[in-house]
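Single-letter residue listing:
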Amino acid sequence: MRRFLNAENKKGAGSRVSGVGSDKALAYLLLGPTVFVLFALSIYPLIHAVSLSLQITSGGITRWSLQNFVRLVSDQFFLAALGHTLVFAVVALTLEFLLGLALAVLLNKQIRGRSFFRAGLLVPMMLPTVVVGIIWRLMLNPNFGAVNGTLKGFGLNTAAFTWTSSPRLAMFSIIAVDVWQWTPFMFLILLAGLQAIPQEPYEAALIDGSNAWQTFRHVTLPLLKPAILVALLLRTMDLLRVFDQVFILTEGGPGFATETLSLYIYRTAFRFSDFGYAAAMSFVLLLITNIISAFYIRILQAKESG
Amino acid sequence: MGRLTMRKFLKYLLLLSVLIATLTPVYWMLTISLKREVDQFAVPPRWFSFSPTLEHYSDAFLNRSFGQYLLTSMIVAVCSTFCALVIGTIAAYALARLKMPARLNRKLSLWILSTRMFPPIVTAVPLFLMMRDLQLLNTRLSLIILYTGFNLPFVVWMMRGFFVEVPRELEEAAMVDGDTRLGALRRVLLPLVAPGLAATAVFCLIISWNEFLFALVLTQTDAAMTLPVGIAGRVTQYEIKWGVMSAAGVVAMLPILVFAMAVQRYLVRGLSLGAVKG
Amino acid sequence: MRIQAGIVIASIAILFTVACQSNTNSNAKQLTLAVNSGVEGDALKQAAKDYEAQTGVHINIAEFPYANLFEKELIDLTARAGAYDLIMLDDPWFPKFASQQLLTELSPLLQTKGQSGPDEDFVPTSIALGREPYQTGALYALPYVGNSQLLFYRKDLFAKYSLKEPAIWEEALAAAKTISELETNGAPGGGKVYGYVMRAAQGNAAVADFMPIFWAFGGEMFDPVGRPAVNSYEGIAALKFMLELGKYSPPGYASFNADEVGAHLLQGTAAMSINWPAWISAFDDPSRSKVISKMEFTTLPGAKNPGRAEIGNWLIAIPRDARNKEAAFEFLLWATSAEQMKRSALRGNPPTRKSLFTDPELVKKFPAYPAQLRSLESSRPRPRTPLWNEIENVFGIYLSKANSGELSPEEAMNQANTEIAKILERGK
């Protein structure tokens, strides 16, 4: 991201060929369609959602009211869904990051068949999320699925391994599925980041007599920071909005245990036709997402100026 | 020397196990798509010893509407990718090359990127109502429009990155020779970023192909449903048709995997929205 | 280069025109039918094919899994988009659609055919479901699939342990216990057989399997003045009993849906369950069943109250904003006629006509028909309220929590009661 925000400063002192005026018209022409489409599909719906959230319908009459937002505070289902989403995001992110980093460090040096490994690792990321949900629903079936079947083969008693029907295990399961699918993503970005680090700092550290851990901590990690932040940012955004896999894998169950915010909003809007309340909840989600991304971007930009 | 090879061996072992853990579930789905129902639920699981059948594939694509879902997915993905590429590339060009206040450029770029940050569910409800009012519910057109919007930020950021890497001198040389700005874009710049363009196109195809939430919300009949929605639809009240679902899943994933392998080189740049070079 | 670019552009242009084909059914010779993904939907799909062969009217099928079907239909009907000409409704959904005036009244249409009302041949409890208000009001839907719950059990295992057919729930529990404890290796392929299997996944699954026990124990969802009463003494006793049965069910039942229950019965790893008659034909299918000729079906046991099955008919209705009402009605009458329903029944779909339940050919093929008819005629529906969907959702969550051990039965029922009260409050 840093590279691109600084892109204008690249060599080439600007166009000497056409005048500034025609540039402006051209800019409107070229940027216009994009801005228009994005406005229509992002900003306008957002405004509409605001107005939806501020209305409630009772007894057939619709009127302006803050009722939807008031209801948020005391709705235990909303709070539970919010909690689930945050827990899911934090745990999955941590696991994916640690595993991805480990893999990236391992594969940083040239080993035979690296592109082969890389190709294999990127398979889960490319699958449609629906397909991922289905594969795992199949594998995790407590009685007929491959996971328990294999464990039974090793002699374990799988009676307690009800992956999608005990509340704790179900949350663990959806986290595990996400880790399976997206650790490669972390891995690829961190690997690219590692490979972009020049040799000199390492050589300097070697001369200074640092051991492997010290080198890692004081040389590698700081230089890897931009890649880490980008990876974390993008992954966090996707984790907070998780819908597809949970929809297929557990449908929010058992007993609401894995209901994430997106799922609850979807149900409220399309099953119970309560568009206003759904819109109000969407705003909370949007707010949280914005705060977190602003936080990440600030750290990134501070890094640039630093 | 012995210690070094031991280390290397362990490393390979670890990587191999990770690879197996990664690919086994996919392999499992493949086997389910080829097993008879009785074999699917056998305990212990039959990894290799089963008699394969193509009945689920023929059931899915001949009896049920998966052939239609496949066609819809292809049409929607290709059209939305094309639109996004055209609209987005010219916008990327503007941001990369045209003279404008740096702050405006930066703000605009960030704004375009930020639209990708919206959790889909936030806009799903109003967009559903919007499409309803425009009488576009349950049409492929609505999905094409929507996916174009999803792909745009991505195209803009990727292509901007590619454009910026090409030295300005090349276009300026062409323009000094009498070419217009847009002509220079077409004749000089585009061929140079063609690989990047191709990679971006593949990413857009993948994003559109895999999309689920909006397709679920906006389509009501087979005429407009995409492959992911069709697959999810196999989760029934009485019996999950695992065979059919897996067959459709395999078909859903194959084109994507082929494409993804083709653009492996650009993968990181694409996935991180161009922020980190591949 | 130029030619290649040209080809690409041309093919994209073609794709565009294909994409922009409008999907409207302005052609009167086409109908769109929304069906449930599953046995019942399959029957209607087959009927649609037959209809097309007979009359040339093409019927587009929009097939969705149970949960999504409700959403899709609700969305389409409230949006007045008219994508569907005919919709399948699970009977508990009916009050919501009917009370919001989203359906076409059928009596005027029947009158154009010279009928003052629906056929007398329809089972009264089934037809009553299609009326708003229940039983007495105007007719908005005709019943197509005559499901009402039966108790499925393994007659071979019951004979082996000298167990008699359970007449009350306590007997069923004792039988489940016996089989679970003694039949440790009898499953086809080895492994134990569980005495009972039920579905307790949140939502429709848990509620549908619980209601008959709830009613048998004397529980009622609403008291005489309409306040929620699930946490009554009887209600809590019923939930406790459900947990008892759960002890003899396969692990993970707390998130089972109908497919897991069916799989266990078919694989021979569970010996007893409440289930819908539509499943019966699966048990004799060698490609799916390991327990051919070993299952028996009977009416549900009672407890304090006599055993009454929960009715679960699938109805067919015509949306108010359907584009081809007359053509849709023609199909509806055709599909629910005795002749067509018999063909559907031969394919395994329980009918909703008395004459078919006593038809010799059908009874020969489905020996359980007399039991089914008894079950259907004495069945009772789930509470008829437009708020049923929210209530079922919430009630199902708490039932699931109780079954997974997260809450005690008292806590679950008390909290469920509070939430149901909130829903009623909001719905006013």
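Quick notes on the rules
- Residues numbered from 1 in each chain as written.
- Chains lettered and ligands numbered in written order.
- Predicted model: local features only at pLDDT ≥ 70, side-chain atom pairs only at ≥ 80, totals over all residues.
- Heavy atoms only, no water.
- Axes fitted to C-alpha atoms, helices over the stretch in contact; angles between N-to-C directions.
- Helix = DSSP H or I, 4+ residues; strand = E, 2+ residues; numbered from the N terminus.
- Parallel < 35°, antiparallel > 145°, perpendicular 65-115°, else oblique.
- Left-handed = near helix turned anticlockwise from the far one by under 90°.
- Contact = heavy atoms within 4.5 Å.
- Nonpolar A, V, L, I, M, F, W, Y, C, P; charged D, E, K, R; others polar.
- Polar contact = N/O pair within 3.5 Å; in protein donor to acceptor, adjacent residues only side chain to side chain.
- Domains from an automatic or database assignment.
- Buried area = accessible area lost by both parts, 1.4 Å probe.
- Salt bridge = Lys/Arg side-chain N within 4 Å of Asp/Glu carboxyl O.
- 1 Å grid on protein atoms, 1.4 Å probe; cavity = no way out; pocket = protein on both sides within 12 Å on 5 of 7 lines; lining within 4 Å.
- Points joined across faces, edges and corners; volume = space filled by probe spheres on them.
- Buried < 20%, exposed > 50% of the residue type's maximum accessible area, 1.4 Å probe, protein only.
- Pairing = 2+ DSSP bridges.

S.K.: How do you make sense of the packing of helix α2 (residues 39–55) of chain C against helix α12 (residues 325–335) of chain C when you look at a structure like this?
M.R.: Each pair of packed helices can be described by the angle between their axes along with the distance between the axes. Residues and elements named next belong to chain C. For the pair α2 and α12, interaxial distance at closest approach is 11 Å and the crossing angle is 115 degrees. Classed by the angle they form, the pair α2 and α12 counts as roughly perpendicular. Helix-helix and strand crossings are classified by hand; for α2 and α12 the assignment is right-handed. Judged by residue contacts, Leu44, Ala47, Ala48, Asp50, Tyr51 and Gln54 of α2 engage Ala327, Glu330, Phe331 and Trp334 from α12. Looking at side-chain class alone, the contact of α2 with α12 contains seven nonpolar, one polar and two charged residues.

S.K.: Hey, could you run me through the environment of Lys342 of chain C in this one?
M.R.: Residue and element names in this part refer to chain C. Tracing the backbone shows Lys342 in helix α13 (residues 338–346). In this structure, the C-alpha to C-alpha distance between Lys342 and Phe357, residues 15 residues apart in sequence, is 9.5 Å. Apart from residues no more than four positions distant in its own chain, Lys342 is found in contact with Leu356, Asp359, Glu361 and Leu362. Of note is the side chain of Lys342, whose polar atom sits 3.0 Å from the side chain of Asp359.

S.K.: I would appreciate a short explanation of the domain arrangement of chain C in the present structure.
M.R.: Interfaces are often sized by the amount of accessible area the parts lose when they come together. All names here are of chain C. When the domains of chain C are assigned, the result is domain 1 (2–147 + 312–377) and domain 2 (150–308 + 387–427). One C-alpha centre belongs to domain 1, the other to domain 2, and the line joining them spans 29 Å. Carbon and sulfur atoms supply 66% of the area buried between domain 1 and domain 2, which totals about 1,200 Å² over both sides. Where domain 1 packs against domain 2, one counts zero salt bridges. Scanning the region where domain 1 abuts domain 2 turns up one residue pair in polar contact (both at pLDDT 80 or more). Contributions of two or more residues to the side of domain 1 that touches domain 2 are made by α2, α3 (66–78) and α16 (369–377). Take the side of domain 1 that touches domain 2: its biggest share by element is four residues, from α16. Classifying every residue of the side of domain 1 that touches domain 2 by side-chain character gives eight nonpolar, five polar and four charged.

S.K.: Hey, could you run me through empty space enclosed by the protein in this one?
M.R.: Take a probe with the size of a water molecule and roll it over the atoms, and the empty space left behind shows itself. For the structure on display, the rule yields 10 cavities of 30 Å³ or more. Considering only enclosed or pocket space, the largest cavity measures out at about 1,100 Å³ in volume. Around the largest cavity sit 43 residues that line it, and Asp238 and Arg241 of chain A together with Arg116, Pro120 and Ile207 of chain B are the ones nearest its centre. For the lining of the largest cavity, the element with the most residues is helix α7 (residues 140–165) of chain B, which contributes five residues. When grouped by side-chain class, the residues that make up the lining of the largest cavity number 26 nonpolar, 10 polar and seven charged. Lining the second largest cavity are 42 residues; nearest its centre among them are Glu251 of chain A together with Ala67, Ala201, Gln202 and Asn257 of chain C. Within the residue set of the lining of the second largest cavity, elements represented by two or more residues are α12 (244–249) and α13 (261–270) of chain A together with α3, α9 (204–216), α11 (258–267) and α17 (388–403) of chain C. Counting residues per element, the lining of the second largest cavity draws most heavily on α3 of chain C, at five residues.

S.K.: Please clarify how the interface of chain A and chain C should be interpreted in this entry.
M.R.: On the chain C side, the residues contacting the 30 residues of chain A number 33 residues. Between chain A and chain C, a total of about 2,400 Å² is buried, with carbon and sulfur atoms accounting for 52% of that surface. Between the two partners, chain A and chain C, sit one salt bridge. Its salt-bridge partner being Arg271 of chain A, residue Glu71 of chain C comes within 2.5 Å of it at the nearest N-O pair. Along the contact surface separating chain A from chain C lie four residue pairs in polar contact (both at pLDDT 80 or more). Secondary structure elements with two or more residues in the side of chain A that touches chain C: α3 (67–74), α4 (76–108) and α13 of chain A. No other element matches the three residues that α13 of chain A contributes to the side of chain A that touches chain C. Partitioning the side of chain A that touches chain C into residue classes produces 11 nonpolar, 13 polar and six charged.

S.K.: Got a minute to help me understand the pairing of strand β1 (residues 30–36) of chain C in this structure?
M.R.: On a regular strand, one side chain projects to one face of the sheet and the next to the other, so that they alternate. Residue and element names in this part refer to chain C. Among the seven residues of β1, six are classified as buried, and the element is accordingly described as predominantly covered. Relative to strand β2 (residues 58–64), β1 is paired through seven bridges, and the arrangement is parallel. Bridge pairing in β2 links Val35 to Glu63. Bridge analysis of β1 against strand β3 (residues 86–90) gives two bridges, and the strand direction is parallel.

S.K.: Help me understand the interface of chain A and chain B in this model?
M.R.: Tallying the contact residues gives 100 residues for chain A and 103 residues for chain B. Counting each side, the surface lost to burial between chain A and chain B is near 9,400 Å², with a carbon and sulfur contribution of 79%. There are four residue pairs in polar contact (both at pLDDT 80 or more) connecting chain A and chain B. If you tally residues by element for the side of chain A that touches chain B, the top one is helix α2 (residues 20–53) of chain A, at 21 residues. Residue composition of the side of chain A that touches chain B, grouped by class: 66 nonpolar, 18 polar and 16 charged.

S.K.: Got a minute to help me understand the packing of helix α4 (residues 66–97) of chain B against α7 of chain B in this structure?
M.R.: Residues and elements named next belong to chain B. Their axes nearest at 6 Å, the elements α4 and α7 cross at an angle of 40 degrees. Crossing of α4 over α7 shows right-handed handedness. Residues of the contact of α4 with α7, tallied by class, amount to 21 nonpolar, seven polar and three charged.

S.K.: Would you explain the sheet that holds β2 of chain C in this entry?
M.R.: Strands in a sheet are paired, the pairing made by backbone hydrogen bonds, and the direction either parallel or antiparallel. Residues and elements named next belong to chain C. On the basis of which strands lie adjacent, the open sheet formed by five strands has the order β2-β1-β3-β10-β6 and mixed pairing. Each edge of the sheet is formed by a strand with only one pairing partner; in this case those strands are β2 and β6 (141–145). Each strand of the sheet is rotated relative to its neighbour by a mean of 25 degrees, with strand direction disregarded. Bridging between β6 and strand β10 (residues 314–317) involves four bridges; their strand directions are antiparallel. Across the sheet, the residue bridging to Ala141 is Ala317, located in β10.

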